[in-house]
Amino acid sequence: MASSSIPLHRAGSGQPLRLTRITAGRKLTRRLTELGLTPGVHIEILHDHGGPLVLAVRDSRLALGRSIAGKILVEVA
Amino acid sequence: MAIEKIFVALAGNPNVGKSTIFNALTGDEQHIGNWPGKTVEKRSGLLRCGCNDMQITVVDLPGAYSLSPYSPEEEIARDFIVEDRPHLVVNVLDAANLERNLYLTTQILETGAPLLVVLNMLDQARARGIQIDAARLSQALGGTPVVELVARRGQGMDVLRDRIVELATAVQSQREGAGSNDYAVGDVQGFQDPERNSCCV
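Think of each chain on its own: its residues are numbered from 1, step by step along the sequence as written. Whichever chain is written first becomes A and whichever ligand is written first becomes 1, with later ones labelled in order. Reporting in this predicted model follows two pLDDT cut-offs: at least 70 for local features of residues, and 80 or more for side-chain atom pairs to be given and counted; totals over whole chains, interfaces and linings ignore these cut-offs and use all residues. Hydrogen atoms and water are omitted, and side-chain values are computed over all heavy atoms in the structure.

1. Focus: the confidence of the model for chain B
All names here are of chain B. A score between 0 and 100, pLDDT records how confident the predictor is in each residue. Taken residue by residue, chain B gives an average pLDDT of 85. The fraction at 70 or more is 82%. The secondary-structure element of chain B with the lowest mean pLDDT is helix 8 (residues 194-197), recorded at 42, while strand 5 (residues 115-120) shows the highest, at 98. Across residues 185-201 the pLDDT falls below 50, and counting only partners more than four positions away or on other chains, this stretch makes 20 contacts in the model. Put simply, DSSP marks the helices as runs of H or I at least four residues long and the strands as runs of E at least two long, and each gets a number from the N terminus on. By definition in these notes, contact holds between two residues if any of their heavy atoms fall within 4.5 Å.

Right under this line is the structure:
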């Protein structure tokens with residue numbers, strides 16, 4: 001893992017991010033992949049008000065609970 | 001003449017307009033909600049098509065992102081497509097979210113199910129500056145027919161209805177001829193191959 005990677009729920013909104021790794025189990029990892037969250041994909045956090053995050057990924061909006069977001073590692077793109 | 005029983009399934013991601021299309025096709029008034037996950041079980045109704053010698057049942061499946069089910073609703077959708085083998089799967093896509101939607105499309109194609117792709121919400125896609133070349137999409141999907149639609153305004157609904165009747169009846173006669181209700185065996189095996197079915201990271 002690159003040392004600059006941080007969990008998604010700590011990344012903060014308003015800056016372009018890039019997914020580096022998913023540290024979830026097999027089933028959840030597959031699910032997130034199916035929703036378009038693949039390594040290298042660009043992510044932006046649209047809303048982060050302490051609850052679930054709303055993301056922009058591949059032209060879609062996606063809401064994720066914070067605990068799941070914590071298993072997605074990103075770096076600033 | 002015997003009444004033919006033909007089944008057509010509406011499949012797609014959550015919140016792409018499947019139930020709106022279902023109501024338009026069947027004349028039903030199933031509740032429509034603008035949120036994902038509204039349909040949690042499959043519903044069926046008869047296609048209004050003025051086709052007397054056959055009966056086409058439309059089945060509105062719960063929304064699914066994938067045929068590898070993560071939720072009970074997705075399992076219902078997967079089981080119907082893979083095990084009940086409808087004469088036609090109508091895969092409804094949100095044209096404004098094409099990339100994510102096409103993941104399910106490729107999985108349905110791999111099952112070998114007879115497929116018709118519907119590009120819905122084209123008005124919203126255009127408003128966001130997205131132009132889609134339906135002919136090229138069809139080509140990229142191996143010749144899968146593609147119909148363009150704005151379901152909430154009814155635009156394209158007559159074309160969709162005609163295509164459904166045409167494609168589903170063609171599959172029906174084909175299956176009658178082959179004496180089999182199965183998809184091509186090779187396709188089903190391909191879908192079940194654990195290596196092809198495993199994912200991805």
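2. A word on the environment of A9 of chain B
All names here are of chain B. Of note, A9 is situated in strand 1 (residues 4-12). Burial status follows relative accessibility: with a 1.4 Å probe on protein chains alone, a residue under 20% of its type maximum counts as buried, one over 50% as exposed, and anything between as partly exposed. Residue A9 is classed as buried on the basis of its relative accessible area, which comes to 0%. When the C-alpha positions of A9 and R43 are compared, they lie 9.8 Å apart, and in sequence the two are 34 residues distant. For A9, the residues in contact, after removing those within four places along its chain, are V59, L61, F80, P86, L88, V89 and V90.

3. Some points on helix 3 (residues 98-111) of chain B
Residues and elements named next belong to chain B. Any helix carries an expected span of 1.5 Å times its number of residues minus one. Taking 1.5 Å of rise per residue, the 14 residues of helix 3 would be expected to cover 20 Å, and the 20 Å separating its terminal C-alpha atoms lies within 8% of that figure. If you check which residues of helix 3 are buried, you get L98, R100, N101, L104, T105, Q107, I108 and T111. G112 occupies a position one or two residues after helix 3 and carries a positive phi of about 85 degrees.

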